[in-house]
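# Summary of the model geometry
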Amino acid sequence: MNAILKTEHLNLWYGQNHALKDINLEMPQNQVTALIGPSGCGKSTFLKTLDRMNDLVPSVRIEGKVMYRDQNIFDPQVDVTWLRRHVGMVFQKPNPFPMSIYDNIAYGPRTHGIRGKKQLDEIVEKSLQGAAIWDEVKDRLKKSALSLSGGQQQRICIARAMAVEPDVLLMDEATSALDPISTSKIEDLIAELKKTYTIVIVTHNMQQATRVSDRCAFFLHGELVEADDTEKLFSVPKDKRTEDYITGRFG
Amino acid sequence: MEHLSWNRRIYDRGLRALLYLCAGITVALLVFMIGYVFYRGLGGITWEFLTTQRSLIKGTDGILPNILNTLYIIFLSMIIVLPLGVGAAIYLTEYATNHKLLSIIEFATETLTGIPSIIFGLVGMLFFQQIMGLKYGILGGGLTLVIMILPTIVRTTQESLKTVPQSYREGALGLGAGKWRMVRTVVLPNAVDGIVTGCILAVGRIVGESAALLFTAGMGGVLHNFADALTTSSGTLSVALYVAVNERGDVQTALAIAAVLMVITLLINLLAMVAGSRLKNK
């Protein structure tokens, strides 16, 4: 098992609140790791820590290590923009910029210095195809991304994240704001994407976790209770609390 | 039941009538005010009035110098206050992290927007003329106005920056954009409307200002180019209006100046709105 992302004794506090407690988790290459658990268990916080989006929160304190390809991302010499280029994020609510579809996808590559029109055209087409939305938008690339439906917007956001060619894609409940049809489109997409990317998703929906993930990690009250292959975790959980949660006894 | 709903209908109608009345009175007052100024003032506007200066020798009575002074002072103030104010607002909203200090600064700027302009005039006169050694003129007046309208620009810009959804910022940072690139490409373009509103308010205050400028820019009515006007006593239209009424008792001229002022304000606001929508679509 080749872990591309790995946390070692990761602890996180928001002020006095100990939100993540000694988390050790490995996220293997080209697999989908799902983080599950009840609201407030720390799974979203954990996800945001992986590309240092928690840096935006005042009063946050982090101890321990997050290793991305053998590099501790909290090392002072690590450039956050470098990290976020390689570890992309798709947010819970679709958040396309109020620009054209084309400019949304080209935002990341332009940020990283790609200016040539031909090169950008290629990246835009490739990313939109990768996110399975090219056919729906190819005739209106100059139209505002806000004119699309929620499910389309989320796939635009996925395409936008792919356009900077990251290694890892983090998805924070990326389907929770979408209708069932859009959700199943994105789930199909995740299965396709893991051939190229390492994917970590947060989900409230246990069926979704069983459908799309290879590995599953169960969080509770800021602790990592159990992490295992998804099939094992859902059929023979080792911990009583995991069993209670996946059988719907709480949460 | 019947009785209750009838009562409610009366109540509802009454309230609606009252609201209509409020709106009606507001509109009527504005229309009356604008109409009155134009009705009495437009007659006094002649080509000579707009294109000459007041001269007893030539026997002309024009306000060209005052029109130019007004434009000079708008130009000078805005070109200084806009980058300064927008820059300060960006720093306060996007970069500053000390929230306690931040709320003190916000409270202070809010208070400053409500201070009577004559105080700015007094302090401007003492500081720029007595300490810095500037003469009456557009420079001293313009700098005083910069101080006076800076809080307005900062506050309106800050408010409009705050309306930009946090998710846009996260999206940009999540793609590896640096802070400044995020501000420039995602935050500022979506805050342009508010900044334009701030500019319109600021121009309105500059155009309408007389008290602060009497002390700092002076009330001269002689034709000068921009460079000379900087340090020569130069009255703006509002100041000229004050002088016409107060020193010459010439209400007719004052009304004509008022009409010109209103047209200029309208034109500048239109310009700001066009510039804003251009910037936004870019």
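Structural data are supplied above this passage.
If you're wondering where the values come from, they're calculated on a predicted model, not measured in any experiment. (Residues numbered from 1 in each chain as written. Chains lettered and ligands numbered in written order. Predicted model: local features only at pLDDT ≥ 70, side-chain atom pairs only at ≥ 80, totals over all residues. Heavy atoms only, no water.)

### Focus: the overall build of chain A
Within chain A one finds 10 helices and 10 strands. In terms of C-alpha radius of gyration, chain A reaches 18 Å, essentially the compact-globule figure of 18 Å for 251 residues. Seen along its three principal axes, the alpha-carbon backbone of chain A occupies a region of about 55 × 45 × 35 Å. The proportion of buried residues among the 251 residues of chain A is 53%. When contacts within chain A are restricted to residue pairs at least 6 apart in sequence, long-range pairs at least 24 apart make up 66% of them. Counting only carbon and sulfur atoms, one obtains 47% of the accessible surface of chain A, whose full area is about 11,200 Å². Averaged over its 32 positive side-chain charges, chain A has a centre that lies 4 Å from the centre of its 33 negative ones. (Helix = DSSP H or I, 4+ residues; strand = E, 2+ residues; numbered from the N terminus. Rg over C-alpha atoms; globule rule 2.2 N^0.38 Å. Buried < 20%, exposed > 50% of the residue type's maximum accessible area, 1.4 Å probe, protein only. Contact = heavy atoms within 4.5 Å. Areas by Shrake-Rupley, 256 points an atom, 1.4 Å probe, with all protein chains shown as cover. Lys, Arg positive; Asp, Glu negative; His and termini not counted. Charge placed at Lys NZ, Arg CZ, Asp CG, Glu CD.)

### Some thoughts on the pattern of salt bridges
Within this structure, the stated rule accounts for 21 salt bridges over all chains. Glu136(A) is the salt-bridge partner of Arg155(A), the closest N and O atoms lying 2.9 Å from each other. Here Arg155(A), found in helix H6 (residues 150–162), pairs with Glu136(A), found in helix H5 (residues 134–137); they are 19 residues apart in sequence, far enough to count as distant. What makes Arg155(A) buried here is its relative accessible area of 4%. Connected through salt bridges with shared partners, the residues Glu106(B), Glu110(B), Arg155(B), Glu159(B) and Lys162(B) form a single ionic network. (Salt bridge = Lys/Arg side-chain N within 4 Å of Asp/Glu carboxyl O.)

### Some remarks on unusual backbone geometry
Residue and element names in this part refer to chain A. Positive phi outside glycine occurs at Ala 132, with the angle close to 55°. Tracing the backbone through its elements, the reader meets Ala 132 in the loop between helix H4 (117–130) and H5. Non-glycine residue Glu 165 carries a positive phi angle of around 50°. Mapped onto the elements, Glu 165 comes out in the loop between H6 and strand E7 (168–172).

### Some words on the nonpolar core
Membership of the largest hydrophobic core comes to 88 residues, with the highest contact counts inside it found for Leu35(A), Phe46(A), Leu50(A), Phe219(A) and Met78(B). The element contributing the most residues to this core is helix H3 (residues 64–95) of chain B, with 11 residues. When near neighbours in sequence (up to four residues on either side) are disregarded, Phe46(A) contacts Thr7(A), Leu10(A), Leu20(A), Ile23(A), Leu25(A), Met27(A), Leu35(A) and Phe219(A). Ile36(A), Leu120(A), Leu189(A) and Cys216(A) belong to the second-largest nonpolar core, a separate cluster that totals 46 residues. (Core = buried A, V, L, I, M, F, W, Y, C linked by side-chain atoms within 4.5 Å.)

### A few points about the interface of chain B and chain A
Facing the 17 residues of chain B at the interface are 24 residues of chain A. Buried area between chain B and chain A, both sides added, is near 1,600 Å², and the carbon and sulfur share of it is 64%. The interface formed by chain B and chain A contains 0 salt bridges. There are 4 residue pairs in polar contact (both at pLDDT 80 or more) connecting chain B and chain A. Looking at the side of chain B that touches chain A, the elements that each hand over two or more residues are helix H7 (166–174) and helix H8 (179–187) of chain B. A total of 7 residues in the side of chain B that touches chain A trace back to one element, the largest contributor, which is H7(B). Class assignment for the residues of the side of chain B that touches chain A results in 7 nonpolar, 8 polar and 2 charged. (Buried area = accessible area lost by both parts, 1.4 Å probe. Polar contact = N/O pair within 3.5 Å; in protein donor to acceptor, adjacent residues only side chain to side chain. Nonpolar A, V, L, I, M, F, W, Y, C, P; charged D, E, K, R; others polar.)

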